[in-house]
Amino acid sequence: MASNIRTKNARPQKPLKLATKICLLLAALAVIAAACGRDDDDPVTGPDTTPTTATAPPQTTTTTGGEDPDGETTTTEAPLVIESTTTSPDICETAELEDSEIGITADKITILVMADVGSPLAPGLFQGSIDGTKAWADHVNENGGLACREIEVIEHDSQINPEKTTSGFLRACEEAVALIGSTSLFVTNVEDLNTCTDQAGNPIGIPDIPERAVEAVHACSPNTFAITNAICPYSGSGAREYHNMVGPHRWLQAQATANGNPLHGVFLIPGDLASAINSSMPGIRSNSEIGIGNDGEFNVSGAAPQASYAQYIEVMKSSDSNYAYTGSNDQSMLKWKSEAEVQGLDLDSITWICSIACYTPDFQEQDVAEGTYVWLSFLPFEEKDANDELNTFIGAMGEDNPPSWAAGAWVAGRLFENAVNQIVARDGLNAITRQAILDEMRQISAFDANGWFGTLNFSTKLTSPCFVLLRVTDGEFARVYPQERGTFDCNADNNILVNVLDSEAEYNAGPEGYLEERSGTYEVEE
Amino acid sequence: MRKALDTSKAPLGKATFAKIPLSRIPFGALAASALGTALLILIFWRYWGGNEVTYTSFATATFIGLAVGSLYAMYATGLVVVYKTTGIFNFAQGAIGVFNAFLFWEFYVNRGWHALLALAVVVLVIAPLEGVLLDIAVMRRLRNTLPVMQLVATVALMVLILATTGKIWQQDSIRQVNFFFGRGAGVESIFGWNLGFKLLYHRLITIGTAIALAIFLSFLLYRTRIGTAMRAVVDNRGLAALNGVRPNVISSIAWALGSSLAALGGILIAPEIQLDPINLNILIITAFAAATFGALKNLPLTVVGALLIGLLSQHISTWLKFGSDFRFAPDAVAPVLLFIVVIALPKAQLSIGRVASHLKPKERLTHPAEAIFGVAVLIFMILVLSKGWLNFGIWDPGAWGQAPLNSALVAMGLALIGLSIVPLTGWAGQINFAPLAFAGFGAFLYLKFAGIGQETTNGYWIFLVALVCAPMGALIAIPASRLQGLYLALGSLAFAQGMSLLFFPHSSIIPSASGGSHFGDIRMFGITFDTRETFLLLIFFAFGVIVVGLVFLRRSRYGRRWVALNDSPAASATVGIDVNLTKVIVYAVSAAIAGVGGVFWATANSTLDGVRSFDVINGLNIVLLVVAAGVSIPMAGIFLVFIPVFDNLATRLEELGSVNWLVWFIREISVPLGPGFLALGMVFNPRGALYEMGRGFAPILPWRKDARKEIAQENAQKADLEFGEMGLDRPFAPNEIIDLDRRLRITDFVVPEGGYRRHDSAETGTEAATAAGDTT
């Protein structure tokens, strides 16, 4: 019910300059070269470990560039894949292992996974994060452990509660070496996360590799390396530059333009929380930057009944919209489409698009979900045969359609595993400390979980340019673009910069304010 | 003979409306209406979005508004019926609807039953049974309790039902209930006239059902024998019984009807909301406004109120443009309207009160020395524990670490806020469901005074916070002085909801751009309380000071006035107490305490979120636990610490790898369902858990001869006779008759073989009376 209307006319797309494209290409090559170089420069030659191939060997996943606005097709090599290594059992038998850090003993590595699970009103919400982390730990333990130690997982329930969340950080500080795979919505205080003391008494905080970071303060925490929503938008004040991935929207726009019917439509913003508005606005403005018209943007509450979506339908009717974008979740999309159907809109004539929040087994099973586009930054579960890491994950989870939180949690574990292996390879089995993990994490500029995920850059916390676009077809998620299974579109220019006000102010300014004052000022990341 | 006929029982708020002549509309109502209209015009003018008004857009907004309004009406009519027929305003009405909507989903969707069969089973069989069960287990016991107990018990029930629903149907998948007649079934034209939008059959049914229910239920209540009996039982249970009505049966029928209405509402609403306990229950607060619009008795007016709210919300969200700061404005229509309606009510007459021995137990005032001693012991224990001077095994915080310490800090912050309820509700009888709103205001002031984002803040600003919060409380007391009982509770709820939707989410109140506002470490008395241990000591010190202060206050002239006000406002006025001024002062004191509590709570949290931190349900939970502990006892606030203590105990036990079933019980049952069960405990111990604990502990103290004497007296009384309900609801059992005979000194009466038939009781009574007369 809580909704406010913003309207504007469509604005033509601004093509990228040739120089910018060249810079982009060079930048991408530089990243790849640097990443490969690091691999070469840091061979796993630690005194007491032997590099061995893990269950998911590094794959050269072909990532296909899509047609850019000029109609060119590009193909890039996969970014750096950091090898998983396990330590030789022989060395483990002879090694003298020490308690090198809080959470690291001679026989155990203790990590903590925190998730909103036990809220009395929404029990089981992010259980998938805990399940994914535990599945990873079990998998590693079954394959010889990590750094000659068994991984022990402490579960902490943050209950969508700030106090429980802070308590989770404190508990991790005292009992674990790192937080892995967490999904907590109410992270508004990261002081303890960044300042609690290590075993040596240094106030360096604790490494945090969450499944996602919802609050900006969390994403921007120096000790946090989120798998999803890793972007830290906070630098400076006033109008700020946000990185945003527009690949799927640009591809859809290209298709629509080719059909002589460029996209313009209505945008829904999850409006219950300021942080949700914050994270939605750059995406909406990015759509404007690539020429998708804004017929109206609405602030929608998660509690709004389906009937209240009728007002958005009314705007769509009057504007003859052919595009519908929601930054909210699967339930919101279902209500929207259901009401649109009730009000007589031709659902097939409209491009409905939703983020990973709609990638749920339940969503695809709803009749009204048919035809909805969903984009992911990892290979869908349906393609487990196309990627070993994904296949291992699905096998470890024991179900074909695990929650997407579980995927991020698993990858968080993999990332931690790789960081530890790098430390061990370089400095030995007793060199694992929080500081060493933090140092290692801050250097990782390209990680893709052996081709399963789009490349993640933790050194700059830039969003991945990779995506795969799915569409609900006959009750299942079906790949639309790139067409080849197991591939992404990883064009570097999928990421653009938008110049957006402190997001609540941006919402207040509306699309008119943006187009008049800040549009076109972006530069592609170099 | 302790349980006499309760002839003083009157429905809450009844006197307020029943005697208003239509020709004499109160000035307050006129003024409020004029003010509301002017405000609405101003808002439309200021925030007009500039959208073109076409027939289709206007008609769509209107019809959708009616459809949404009818959803509110479904719950609101249920509320009114339950209130009219039981005298209890049921906060759990929405929760009952939620539970039954899930049950309907279980049968219809999950188990594949036919929709009508599932509907019939839930609405006509299960829901009525739930109502009867509720009546027998809970509601009957609330009959003679104070209004605050009745309200809080239903809030407890709401929390309990929602938590149970969440436990049974976990939120791990989408649960969709389709519209009746299919997803898109409806009409687009009437008699060849194209409407421009589609009228969905399901929504037509919802609107029609809401209106039909209002008419049918009005007929049932005012034109049928059973309806008359229901109202009669509420008005005067004893008198109704003497006229042949069986109050318990009638009461059960009323609760069965109320539950069925809740279930029907929940099921019809479910397709619009999808099955989400939180979202489904949110509607109930809007329904309160609609019910109040109908003065809690007029069903057609209730439906009109609900439709009006739906229309206003829909048109506001369609035509007006609010910025991000006021993004919840369309949702605030209901609480604002509720507040206006409540304020517009004619001033409540001073009630004579209900000072009966079983309602108002004799109170022993805590001696200040005892309070100081108790607080000193508490602080010493905290000192010992927080410093780890003693090792108590699983109780040793040194082993527990910072996490439980953090939990304790936040809980103590809430406990401080909870203290504000004691003088206001516990002593003065003013129900306040908005303690968190006052606390948030205090936190906001502190943020402004001490500075946003400071690492260290000057703690002396807390005193200024208290000084500013006090007049704020006094300001609220002005409208509150017109209200009593239920309307006061609803007014405070509307205030809390309004603050949480319009005030706290504003970015200039609680800045949220960087993930919340940072509250730095407090510096006072030359000490920076920058560790959790030291801050815990400070917060306990503050708690102790306020508790001792309250104990002194309770013994003072003001304290006695507040209690007198609670006992009998009319008598208080008669003896020269300025009722309004007394209310203003107690509100000011309460607001000041809540404001100070808010500062400590915010600092314990380090940050606050303008939306999530001030959820109305969080505020209700504070009230719930303090009332369950014993709302008139200052130390009741400490009860808020018990939940985190239990939670941390489970964590500690888990770490020690012991007693898995106990960990499971604490985690799965005690923590999520505990507050609800705890508060429902009031039904059996209206004086509160802390009172009962204290009563058990007091005789041990050497100087408490009075406690030992009281226990002895009570034990003696237990051997005394229970008359029950004087044989009105059920026949006397043979042993009761023998007891009666014994007490009436009837020695020549012989119980016939085979006991008594039902009508024997009357005969027996007559004989007994005759015998008694003969004897005398």
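This one's a predicted model, so the numbers in the text were calculated from it and none came from an experiment.

What follows concerns the overall build of chain B. Helix and strand content of chain B: 31 helices and seven strands. Across the 776 residues of chain B, 51% fall into the buried class. A fraction of 80% describes how many contacts in chain B between residues 6 or more apart in sequence connect residues 24 or more apart.

Taken together, the contact between chain A and chain B spans 61 residues of the former and 65 residues of the latter. Among the secondary structure elements, those contributing two or more residues to the side of chain A that touches chain B are α4 (162-175), α6 (216-219), α8 (274-289), α9 (310-319), α10 (330-342), α11 (361-365) and α15 (503-517) of chain A. The element that contributes the greatest number of residues to the side of chain A that touches chain B is α4(A), accounting for seven residues. For the side of chain A that touches chain B, the class distribution of residues is 25 nonpolar, 24 polar and 12 charged.

You'll often see interface size given as the accessible area lost when the parts meet. All names here are of chain A. For chain A, the domain assignment lists domain 1 (89-228 + 387-443) and domain 2 (240-376 + 463-517). Distance from the C-alpha centre of domain 1 to the C-alpha centre of domain 2: 32 Å. On the side of domain 2, six residues touch domain 1, which itself brings six residues to the contact. Here the side of domain 1 that touches domain 2 is composed, by residue class, of two nonpolar, three polar and one charged.

Residue and element names in this part refer to chain A. With respect to topology, four strands assemble into an open sheet ordered β4-β3-β5-β6, the strand pairing being parallel. Edge positions in the sheet fall to β4 (150-157) and β6 (208-209), since each of these pairs with one other strand and no more. Here strand β3 (residues 108-115) runs beside β4; their pairing, made up of eight bridges, is parallel. The partner of Ile 109 across the bridge, within β4, is Ile 151. With respect to the sheet, helix α3 (residues 127-142) is in contact with β3, β4 and β5 (178-180), its orientation differing from that of β4 by roughly 170°.

Let's shift gears to the packing of helix α16 (residues 402-419) of chain B against helix α25 (residues 616-630) of chain B. All names here are of chain B. Where α16 meets α25, the axes come as close as 10 Å, and the angle between the chain directions of the two elements is 75°. Relative to α25, α16 is oriented roughly perpendicular. Contacts between α16 and α25 pair Leu 414, Ile 417 and Gly 418 from the former with Ile 622, Leu 625 and Val 626 from the latter. Among the residues making up the contact of α16 with α25, the classes are represented as five nonpolar, one polar and no charged.

Residues and elements named next belong to chain B. Segmentation of chain B into domains returns domain 1 (14-18 + 70-277) and domain 2 (411-637). Relative placement of domain 1 and domain 2: their C-alpha centres are 35 Å apart. Taken residue by residue, the interface counts nine residues in domain 1 and 11 residues in domain 2. Here the side of domain 1 that touches domain 2 gets seven residues from one element, more than from any other, and that element is helix α6 (residues 147-168). Each residue belonging to the side of domain 1 that touches domain 2 can be placed in one class, and the counts come to eight nonpolar, one polar and no charged.

Counting residues in hydrophobic clusters, the biggest one holds 386 residues, and the most contacted among them are B:Val152, B:Leu416 and B:Cys469. For this core, the element with the most residues is helix α3 (residues 55-86) of chain B, which contributes 17 residues.

With that out of the way, let us pick up the sheet that holds strand β12 (residues 373-376) of chain A. Residue and element names in this part refer to chain A. The seven strands lie next to each other as β9-β8-β10-β11-β12-β13-β14, forming an open sheet whose pairing is mixed. Of all the strands in the sheet, the pair left with one neighbour each is β9 (293-300) and β14 (476-481). Between one strand axis and the next, the sheet turns by 25° as a mean value, whatever way the strands run. Strands in contact with α10 are β8 (264-270), β9, β10 (323-326) and β11 (351-354); relative to β10, the strand with the most contacts, it is inclined by about 150°.

Another aspect to go through is the environment of B:Ala262. Here B:Ala262 lies in helix α10 (residues 247-273). Sequence spacing of B:Ala262 and B:Ala229 is 33 residues, and the spatial spacing of their C-alpha atoms is 22 Å.

A few words now on the confidence of the model for chain B. Residue and element names in this part refer to chain B. When the pLDDT values of chain B are averaged, the result is 78; 80% of them are 70 or greater. Across chain B, helix α4 (residues 93-110) holds the top mean pLDDT of 92, while helix α31 (residues 760-775) sits lowest at 38. Ignoring residues within four places in sequence, the model shows residues 1-20, a span with pLDDT below 50, making 35 contacts including any to other chains. Confidence drops under a pLDDT of 50 for residues 390-395, and excluding neighbours within four residues, the segment shows five contacts in the predicted structure.

For the rest of this paragraph, the subject is the pairing of strand β2 (residues 193-200) of chain B. Each regular strand shows side chains that alternate between the opposite faces of the sheet. Residues and elements named next belong to chain B. Of the strand pairs in this sheet, strand β1 (residues 186-190) and β2 are connected by four bridges, and their pairing is antiparallel. For Gly 186, the partnering residue across the bridge sits in β2 and is Leu 200. Connecting β1 to the next strand, β2, in antiparallel fashion are two residues, including Phe 191 with a positive phi near 50°.

Rules behind the numbers
- Residues numbered from 1 in each chain as written.
- Chains lettered and ligands numbered in written order.
- Predicted model: local features only at pLDDT ≥ 70, side-chain atom pairs only at ≥ 80, totals over all residues.
- Helix = DSSP H or I, 4+ residues; strand = E, 2+ residues; numbered from the N terminus.
- Buried ≥ 20, exposed ≤ 12 C-beta atoms within 10 Å, placed from the backbone.
- Contact = placed C-beta atoms within 7 Å.
- Nonpolar A, V, L, I, M, F, W, Y, C, P; charged D, E, K, R; others polar.
- Domains from an automatic or database assignment.
- Pairing = 2+ DSSP bridges.
- Axes fitted to C-alpha atoms, helices over the stretch in contact; angles between N-to-C directions.
- Parallel < 35°, antiparallel > 145°, perpendicular 65-115°, else oblique.
- Core = buried A, V, L, I, M, F, W, Y, C linked by C-beta atoms within 7 Å.
- pLDDT = per-residue confidence, 0-100.

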